[in-house]
Amino acid sequence: MHKTFAISWKKNKKSSSIGGSGAFAIDNAKHCKADAYVTSDLKYHDFFKAENNILLADIGHYESEQFTKNLLVGYLTKKFLILQSLYRRVTPIPSSIINYGNKERGNSRR
C-alpha cells in the first residue's frame, strides 16, 4: 500500500513515532516540534493535519509494532531488576519477590 504526503526538504532533527494506529497523536508530534512522525493506519484526511509542518509516514500497522515487544520486555526487565533489588533491601528476611505466606504461621508454600 502506498500513501502519499507532502515532503519537506528541511533536515530532520527530531522525530516521533507510535506503533500501531497513531493518527490521534499527530497534533502532539507537531506540538513537540517533531520534523517527522512515523506511525500507521493514517487515513486520507489525516495527512492534511500535517499542514506542511511535519512529515507524516505511514509505514504499516505490523511494521510499526514488530519491534515494540522487544523494547517493552527490555524496559520492564530492567525496571523489574531495579524493583527486585529495592525489595530485597527493605525486606527483613531473605525472600523472593513473591512471598506466599508467613513461615511463622505455617502458611509458606516454598
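Residues numbered from 1 in each chain as written. Predicted model: local features only at pLDDT ≥ 70, side-chain atom pairs only at ≥ 80, totals over all residues. Heavy atoms only, no water.

## A few points about the nonpolar core
Counting residues in each nonpolar core, the largest one holds 11 residues, listed as A23, A25, I26, A29, A34, Y37, L42, F47, A50, I54 and L56. Residue contacts for A34: discarding those within four places in its chain leaves K14, S15, S16, A29, N53 and I54. (Core = buried A, V, L, I, M, F, W, Y, C linked by side-chain atoms within 4.5 Å. Buried < 20%, exposed > 50% of the residue type's maximum accessible area, 1.4 Å probe, protein only. Contact = heavy atoms within 4.5 Å.)

## Side note on the packing of aromatic side chains
This model, assessed by the stated rule, comprises one aromatic pair. Where Y44 meets F48, the ring centres are 5.2 Å apart and the plane angle is 75°; that geometry is what we call edge-to-face. The burial state of Y44 is the same as that of F48; both residues are exposed. (Phe/Tyr/Trp six-rings, centres within 6.5 Å; stacked < 30°, edge-to-face > 60°.)

## Re the sheet that holds strand β3 (residues 55-58)
With parallel pairing, three strands are arranged side by side in an open sheet as β1-β2-β3. Edge positions in the sheet fall to β1 (15-21) and β3, since each of these pairs with one other strand and no more. In this sheet, adjacent strand axes meet at a mean angle of 15° when their direction is disregarded. As paired strands, β1 and strand β2 (residues 36-40) are joined by four bridges and run parallel to one another. If you follow S15 over to β2, its bridge partner there is A36. (Pairing = 2+ DSSP bridges. Helix = DSSP H or I, 4+ residues; strand = E, 2+ residues; numbered from the N terminus. Axes fitted to C-alpha atoms, helices over the stretch in contact; angles between N-to-C directions.)

## Observations regarding the pattern of salt bridges
Taken as a whole and judged by the stated rule, the model has two salt bridges. A salt bridge links K49 to D46; the shortest N-O distance between them is 3.6 Å. (Salt bridge = Lys/Arg side-chain N within 4 Å of Asp/Glu carboxyl O.)

## Notes on the pairing of β2
The buried count for β2 comes to four of five residues, which makes it a mostly enclosed element. Regarding topology, helix α1 (residues 26-31) serves as the crossover connection from β1 to the parallel β2, and that connection is right-handed. By the bridge criterion, four bridges tie β2 to β3 in an arrangement that is parallel. Within β3, the position partnered with A36 by the bridge is L55. (Right-handed = clockwise from strand over helix to strand, strands pointing away.)

## As for unusual backbone geometry
Non-glycine residue K33 carries a positive phi angle of around 60°. With respect to the helices and strands, K33 occurs in the loop between α1 and β2. Since its relative accessible area comes to 66%, K33 is described here as exposed. A positive phi angle, close to 50°, is found at E51, a residue other than glycine.

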